[in-house]
Amino acid sequence: MDLVNALVAFLNFVFIPGLAYGAQLALGALGVTLIYGILRFSNFAHGDTMAFGTMVTILVTWALQGAGVTFGPLPTALLALPVGIAATAAFVLATDRVVYRFYRRQKASPTIVVIVSLGVMFVMNGIVRLIIGVNDQNFADGARFVISAQEFREATGLAEPLAIRTTQAVTVVTAVIVVALLFWFLQKTRTGKSMRAFSDNEDLALLSGINPDRVVAVTWIIAAALATIAGVLYGLDKSFKPFTYFQLLLPIFAAAIVGGLGSPLGAIAGGFVIAFSELLLTNAWKKIVTYALPESMAPDGLLQLMSTDYKFAVSFTILIIVLLFMPTGLFKGKSL
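Residues numbered from 1 in each chain as written. Predicted model: local features only at pLDDT ≥ 70, side-chain atom pairs only at ≥ 80, totals over all residues. Heavy atoms only, no water.

Caption draft 1: Inspection of the nonpolar core at higher detail. Grouped together as the largest cluster of nonpolar side chains are 83 residues, with contacts concentrated most on L27, L30, M195, W220, I222, F240 and L248. Considering every element that reaches this core, the biggest residue donor is helix α9 (residues 212–237), with 16 residues. (Core = buried A, V, L, I, M, F, W, Y, C linked by side-chain atoms within 4.5 Å. Buried < 20%, exposed > 50% of the residue type's maximum accessible area, 1.4 Å probe, protein only. Helix = DSSP H or I, 4+ residues; strand = E, 2+ residues; numbered from the N terminus.)

What follows is the structure, given as structure tokens:
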């Protein structure tokens, strides 16, 4: 029975949070790898694009809640999400027209465009902070749990409870749907095939009659949608704070690079590698190990390799190792 309790504790503190966090990083990394694979630069403004889309979604959510509109047991933010996606897509398309298109026509090197994206990042960060402030914003509503700890204990009789939050379940289900739609779009639609051809060989794609402006616009729209969805899901699961999304840029880029920049499948795999690496190294294993070992061998300490304050150091370390020894990532993407 103690081994069952150990398994439940592992699910509760490592597997389920890692699954939700990995799905959020995977969606963010998909946007990064899409921009890199098609527009050929690393978009450092992606984290703040997530923050911008989440901010719009929060404002619309508050308006809906104020009008008495809810989504039953699900978060009202899901109703506001399409507005957030549309606003973010309009913003990034305007940014491309005003900023990036000039450098694209000048055939500027990717390094220059990366520096330009840093400027865009600071502008977007300032806009978000000016509009919604710098403090934590909790906008999750609806049912709190799919399975509560008390319900699980009553149903199983186990000492260790299992709780699955609604936001975690919504994150995983939404991520599966979004990824399935994205792969269907890239594999089956004419526009998706054009984007893949443009990514593989730009000159040959242009000779084939593919409209580059259309490819660029669709790429930005999809990246904006992925960023907004990832940002909203992360905000629902944790909370929204603009600076947190700036910090998320590191694990998101680490996920994209670990999987292989330019590889959508690699971005998904990289997201879960980074998420579970962070959790495995920063989790306090005392409770799980105590269940698994005899009482006489129960540990005194927390058995925590690293404090949670250093979880981003895990992403950074993995990023450096991959860049040194496997620059094309697990799925042989484009090297930096």
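Caption draft 2: Representation of the side chain of D48. For D48, the position within the fold is in helix α2 (residues 46–66). Among buried Asp, Glu, Lys and Arg side chains, D48 stands out as unpaired, with R129 the closest opposite charge at 6.5 Å. When neighbours within four sequence positions are excluded, D48 is seen to be in contact with M121, M124, N125 and F246. (Lys, Arg positive; Asp, Glu negative; His and termini not counted. Salt bridge = Lys/Arg side-chain N within 4 Å of Asp/Glu carboxyl O. Contact = heavy atoms within 4.5 Å.)

Caption draft 3: A look at the packing of aromatic side chains. Here the structure, examined in full by the defined rule, presents eleven aromatic pairs. On the basis of an interplanar angle of 50° and a centroid distance of 6.3 Å, the ring pair of F41 and W220 is categorised as tilted. One end of the pair, F41, is in the loop between α1 (2–39) and α2; the other, W220, is in helix α9, with 179 residues separating them in the sequence. We note that F41, like W220, is buried. Among the aromatic residues, ring-to-ring pairing joins F41, Y100 and W220 into one connected group. Positioned over the ring face of Y21 is K311, at 5.6 Å from the centre of the ring. (Phe/Tyr/Trp six-rings, centres within 6.5 Å; stacked < 30°, edge-to-face > 60°. Lys NZ or Arg CZ within 6 Å of the ring centre and 35° of its normal.)

Treat this as a map of the structure, not an account of what it does.
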